[in-house]
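Listed below, chain by chain, are the residues.
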There are 2 protein chains.
Amino acid sequence: MSELKGACIFGQSGGPTSVINASAYGVISAALENPNITRVLGAEHGIKGVLNDRLFDMGQEDPAELELLKYTPSSALGSCRYKMKDPDVDDTDYKRILEIFKKYDVRYFFYNGGNDSMDTCNKISKYMQKVGYECRVMGVPKTIDNDLFGTDHCPGFASAAKYIATSCMEVYQDARVYDTGMVCVIEIMGRHAGWLAGAAALATVYGAGPDLVYLPEVDFDMDQFLTDVDRIYKEKGNCMVAVSEGIHYADGSFVSEAKTSATDGFGHAQLGGLAAMLADAVKQKTGAKVRGIELSLLQRCGAHLASETDIEESFMSGKAAVENAAAGITDKMVGFERSYEDGRYVCKTKLLGLTDVANTEKKVPLEWINAAHNGVEKPFIDYVLPLIQGEPKLPKQDSLPRFARLKKVLAK
Amino acid sequence: MSELKGACIFGQSGGPTSVINASAYGVISAALENPNITRVLGAEHGIKGVLNDRLFDMGQEDPAELELLKYTPSSALGSCRYKMKDPDVDDTDYKRILEIFKKYDVRYFFYNGGNDSMDTCNKISKYMQKVGYECRVMGVPKTIDNDLFGTDHCPGFASAAKYIATSCMEVYQDARVYDTGMVCVIEIMGRHAGWLAGAAALATVYGAGPDLVYLPEVDFDMDQFLTDVDRIYKEKGNCMVAVSEGIHYADGSFVSEAKTSATDGFGHAQLGGLAAMLADAVKQKTGAKVRGIELSLLQRCGAHLASETDIEESFMSGKAAVENAAAGITDKMVGFERSYEDGRYVCKTKLLGLTDVANTEKKVPLEWINAAHNGVEKPFIDYVLPLIQGEPKLPKQDSLPRFARLKKVLAK
């Protein structure tokens, strides 16, 4: 079984991260070296590139440019958010994918993404099994949200966490320079899981960060929030708040979508998002000078603040996908297992069933959130800290980033 | 005249930068070493610390912590925005300052800030001259806005410029990963001068940056803007825009303050600021997916992306202020003069009259802005590029910044 020869397709899917291309480089470089893989194809915009027969011949790229992928943020091949239909209801896409696989003699399929992408990967894997087309399908994990099931953590999370913690430390210095005081609200990504918002607390542990942190794992109470902010602002003269974009009221409705609220009383469209809205609510309650800051895309593409640990692990997960597939494994996602050797953090890969991964979300354990629901406990910090370690040696040109420049030659 | 012995006061004023404390370290370390300066006092919140007799004894700080100021963003002693009255109208504050100067035998006053702070510095200098109190007063420049008169550039500008250019390069990668395309609007500081917004164009020169850049030196035309964006979006499938927060219509009104606009048609309060407003206008015109990103405080406190050149020059300007004052100079601000030796950028200090500096703003020359008023020309790039060079060796603890921790012992 291990002697399967053929081409491979690699695709990137879902929201990018600052290290997703390190996984790409792991897959591509390992595949280019593997004697059983006859050709390495990169799909433009993930599965859409397969459907549209837009496949790049990665063997034609300059090896030095490929290596720069380790330090180039965001999906270099292009991404997509494409929901595959249930093949029992409509198998048009699957037939097309099979046609393309046959056309290029594709026997290896590597798909890099988060929950939804693993669902795509899983569906393709099961379809190929059903129709009896021999093809090894492997998921490569990726998500700043850190919410993939079964893995200790996800490639991309740590670099975003490091960006958030560092930025919070810097903003903390800035947001308290005046004697007039200020309340600063920082909005952080993570619609359903609070891993990233929680990472803001690293800043506080290291001396300069948010006084309050709100995660979507627990219900948000606007009155309690305003009371907390008011108390800290009165005590310290300043207050810094980190909130997940996904915080919601007890009825499940997102705070960011509340157009009208009894506590803040405005009823117009919210262009500026959650941070601006909460800052305005605080201003009305306390009279304090306020500022809302949305970290927006910056937090997920800030490669200059990437964790070297994250880069290396992302690369490792891509490489492991290829090596395991070449050895005969299929229908799995690569995951991470953490251990400590003489107190030193060690990360190894493991394999998870695609079906299990595709349908489950991993949230921050409730016992890692404090009783007041406005901060995280020490186990959360201990969990995140090893992941953000190490400074990458970023290639620069005139002190600006030198990102990979791919030729993207379409395969014939 | 050069043998004036006495204490010195150093204060920080106005909006902080990521390298303002490098200037502080330049002043404090030089003053601590100077035999004529008997005591080094740091004013809490700038001139307010003098008025309130809140002065820290910098000689009591740990030298290693003081050195960390070189890499610690934002005004470590606290800042203020305090407008001094005309002493001919109301000299209460000036009398109080003189009283404090006499109390501590202050013979040297160093004030670190931008235009308004140099006005404060100038007024104090002239008052001391008028009342015959011998005191050497020196301004130390600082502003990310880069708009101080008479100096080639200002400490703090280059690090913010580097942050902006790098962030634009990263966001550029992220904002075009999907096949659906996007228009991304990035809002950059600079109310009256477009130096920082223009710096976003560095990203474009290095392969990945805004297609359009709007500066406040020229009038903004919403219809032309929407036409430009629409054209580029149709051509390229994506469009990235950098705008200065200070862009204004031909009648002088700020675009950010336009609550109602014929082109975008919404009339409610703008919580999210200019980027969100312009993004929304683009969405209504083109139907494109949009995102507005405000770099907010991040751009002026992002010490992890500081320019080493900027750090060294900031330090140099503080040191030069002390050395010149000790040598007998007063009533000046330290400025920079640029030259090229064998093609290599060289920066030396020079001295400017405080009166001249206090009342003039330096804007981007119109000939450095393109004819279409949506970009900058090569001389602008050539001007900025040498300033952003060099990566600082940032002190870190567990891969997070290790900022200076001052004891701030009040002087007796």
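Predicted, not measured: the structure shown is a model, and the values here were computed from it.

## Points about the overall build of chain A
A count of helices and strands for chain A gives 14 helices and 13 strands. What you see for chain A is a C-alpha radius of gyration of 23 Å, in line with the 22 Å of a compact globule of 412 residues. Summarising its shape, the C-alpha atoms of chain A cover approximately 70 × 50 × 40 Å along the three principal directions. For chain A, with 412 residues in total, the buried portion stands at 66%.

## Digging into the sheet that holds strand β4 (residues 106-113) of chain A
Residue and element names in this part refer to chain A. Spatially, the seven strands line up as an open sheet ordered β3-β2-β1-β4-β5-β10-β11, and their pairing is mixed. The sheet is open, and its two edges are formed by β3 (55-57) and β11 (344-353), each paired on a single side. The mean angle between the axes of side-by-side strands here comes to 30°, regardless of whether they run parallel or antiparallel. Bridging between strand β5 (residues 136-141) and strand β10 (residues 332-341) involves two bridges; their strand directions are parallel. Its bridge partner lying in β10, methionine 138 is registered against lysine 332. Running over the sheet, helix α5 (residues 115-131) touches β4, β5 and β10 and is turned about 160° from β4.

## Details of unusual backbone geometry
All names here are of chain A. The backbone phi angle of lysine 408 is positive, close to 50°, even though this residue is not glycine. You can see lysine 408 is positioned in the segment after β13 (400-401). For lysine 408, a relative accessible area of 33% corresponds to the partly exposed category.

## Examining the interface of chain A and chain B
Counting from both sides, the interface comprises 65 residues of chain A and, opposite them, 66 residues of chain B. Here chain A packs against chain B, burying approximately 5,400 Å² in sum over the two surfaces, 60% of which is carbon and sulfur. Inspection of the chain A/chain B interface yields six salt bridges. Measuring nitrogen to oxygen at the nearest pair gives 3.1 Å for the salt bridge that ties glutamate 391 of chain A to lysine 396 of chain B. If you look at where chain A meets chain B, you find 38 residue pairs in polar contact (both at pLDDT 80 or more). Mapped by element, the contributors of at least two residues to the side of chain A that touches chain B are α6 (157-174), α10 (273-286), β9 (290-294), α11 (298-301), β12 (396-397) and β13 of chain A.

## A look at the sheet that holds strand β8 (residues 238-244) of chain B
Residue and element names in this part refer to chain B. Taking strand neighbours across the sheet as the criterion, the four strands line up as β7-β8-β6-β9 in an open arrangement whose pairing is parallel. Strand pairing shows two members of the sheet lacking a second neighbour, β7 (212-214) and β9 (290-294), which therefore form its edges. Geometrically, the sheet is characterised by an average inter-axis angle of 15° between neighbouring strands, direction not taken into account. With three bridges connecting them, β7 and β8 associate as parallel partners. Bridge pairing links leucine 212 to valine 241 in β8. Across the face of the sheet, helix α9 (residues 222-236) comes into contact with β6 (182-188), β7 and β8 while running at roughly 150° to β8.

## Let's talk about the packing of helix α9 (residues 222-236) of chain A against α10 of chain A
Residue and element names in this part refer to chain A. For the pair α9 and α10, interaxial distance at closest approach is 10 Å and the crossing angle is 65°. Taken together, the axis directions place α9 and α10 in an arrangement best described as roughly perpendicular. For the pair α9 and α10, the crossing hand works out as right-handed. Where α9 abuts α10, its residues Met222, Phe225, Leu226, Val229 and Asp230 lie against Met277, Leu278, Ala281, Val282, Lys285 and Thr286. Partitioning the contact of α9 with α10 into residue classes produces eight nonpolar, one polar and two charged.

## Side note on a negative patch on the surface
A cluster of like negative charges, contributed by Asp219, Asp221, Asp223 and Asp251 of chain A, occupies part of the molecular surface. In this fold, aspartate 221 of chain A is placed in the loop between β7 (212-214) and α9.

## A few points about the pairing of strand β5 (residues 136-141) of chain B
All names here are of chain B. Among the six residues of β5, six are classified as buried, and the element is accordingly described as predominantly covered. By the alternation rule, side chains of β5 split into Arg136, Met138 and Val140 and Val137, Gly139 and Pro141, which are all buried. Handedness of the β-α-β unit built from strand β4 (residues 106-113), helix α5 (residues 115-131) and β5 comes out right-handed.

## Some points on the nonpolar core
With 112 residues, the main nonpolar core has Val171, Ile186 and Ile188 of chain A together with Val171, Ile186 and Ile188 of chain B as its most contacted residues. Excluding anything up to four places from it in sequence, isoleucine 188 of chain B contacts Ile164, Leu196, Ala197, Ala200, Ala242, Val243, Ser244, Glu245, Leu295 and Gln299 of chain B.

## Regarding the relation of the copies chain A and chain B
By a simple turn and slide, chain A fits onto chain B: the slide is 0.0 Å along the axis, the RMSD is 0.0 Å, and the turn is 180°. The relationship between the two copies is best expressed as a two-fold rotation axis. Here 100% of the interface residues in chain A have copies in chain B that are interface residues too; the copies meet face to matching face.

## A look at the side chain of glutamate 170 of chain A
Among the structural elements, glutamate 170 of chain A can be located in helix α6. Despite its burial, glutamate 170 of chain A pairs with no opposite charge; the closest candidate is lysine 396 of chain B, at 8.0 Å N-O. From its side chain, glutamate 170 of chain A meets the backbone nitrogen of alanine 303 of chain B in a polar contact 3.1 Å long. Sequence-distant contacts of glutamate 170 of chain A, defined by excluding residues within four places in its chain, comprise Pro73, Cys301, Gly302, Ala303, His304 and Phe403 of chain B.

## Here's the deal with the pattern of salt bridges
Residues and elements named next belong to chain B. Counting across every chain of the model gives 52 salt bridges over all chains. Taking the shortest distance from any N to any O, the salt bridge between arginine 54 and glutamate 44 comes out at 2.7 Å. Here glutamate 44 lies in the loop between β2 (37-43) and α2 (47-51) and arginine 54 lies in the loop between α2 and β3 (55-57), a separation of ten residues in the sequence. Take arginine 54: its relative accessible area is 33%, and that puts it in the partly exposed class. Lysine 95 serves as the salt-bridge partner of aspartate 91, at 3.7 Å between the closest nitrogen and oxygen.

## Thoughts on the confidence of the model for chain A
Residue and element names in this part refer to chain A. Across chain A, the average pLDDT comes to 94, with 96% of residues at 70 or higher. For the stretch residues 260-271, pLDDT sits under 50, and the model shows 31 contacts to residues farther than four places along the chain or on other chains. Interface confidence in the predicted complex, given as ipTM, is 0.96; pTM for the same model is 0.96.

## Observations concerning the state of the cysteines
Evaluation of the coordinates by the stated rule reveals zero disulfides over all chains. In this structure cysteine 154 of chain B is a free cysteine whose sulfur lies 11 Å from that of cysteine 347 of chain B, the closest cysteine sulfur available.

## What about the pairing of strand β2 (residues 37-43) of chain A?
Residues and elements named next belong to chain A. For β2, a buried count of five out of seven residues is recorded, marking the element as mostly surrounded by other parts of the structure. Bridge analysis of strand β1 (residues 6-12) against β2 gives five bridges, and the strand direction is parallel. Residue alanine 7 lies in a different strand from β2, and its bridge partner there is arginine 39. Here β2 runs beside β3; their pairing, made up of three bridges, is antiparallel. When the sheet's bridge partners are listed, glycine 42 is paired in β3 with phenylalanine 56.

Rules used in this analysis
Residues numbered from 1 in each chain as written. Chains lettered and ligands numbered in written order. Predicted model: local features only at pLDDT ≥ 70, side-chain atom pairs only at ≥ 80, totals over all residues. Heavy atoms only, no water. Helix = DSSP H or I, 4+ residues; strand = E, 2+ residues; numbered from the N terminus. Rg over C-alpha atoms; globule rule 2.2 N^0.38 Å. Buried < 20%, exposed > 50% of the residue type's maximum accessible area, 1.4 Å probe, protein only. Pairing = 2+ DSSP bridges. Axes fitted to C-alpha atoms, helices over the stretch in contact; angles between N-to-C directions. Contact = heavy atoms within 4.5 Å. Buried area = accessible area lost by both parts, 1.4 Å probe. Salt bridge = Lys/Arg side-chain N within 4 Å of Asp/Glu carboxyl O. Polar contact = N/O pair within 3.5 Å; in protein donor to acceptor, adjacent residues only side chain to side chain. Parallel < 35°, antiparallel > 145°, perpendicular 65-115°, else oblique. Left-handed = near helix turned anticlockwise from the far one by under 90°. Nonpolar A, V, L, I, M, F, W, Y, C, P; charged D, E, K, R; others polar. Patch = residues over 30% accessible without salt bridge, like charges linked within 9 Å, V, L, I, M, F, W, Y side chains within 5 Å. Areas by Shrake-Rupley, 256 points an atom, 1.4 Å probe, with all protein chains shown as cover. Lys, Arg positive; Asp, Glu negative; His and termini not counted. Charge placed at Lys NZ, Arg CZ, Asp CG, Glu CD. Right-handed = clockwise from strand over helix to strand, strands pointing away. Core = buried A, V, L, I, M, F, W, Y, C linked by side-chain atoms within 4.5 Å. Least-squares fit on C-alpha atoms with pLDDT ≥ 70 in both. pLDDT = per-residue confidence, 0-100. Disulfide = S-S within 2.5 Å.

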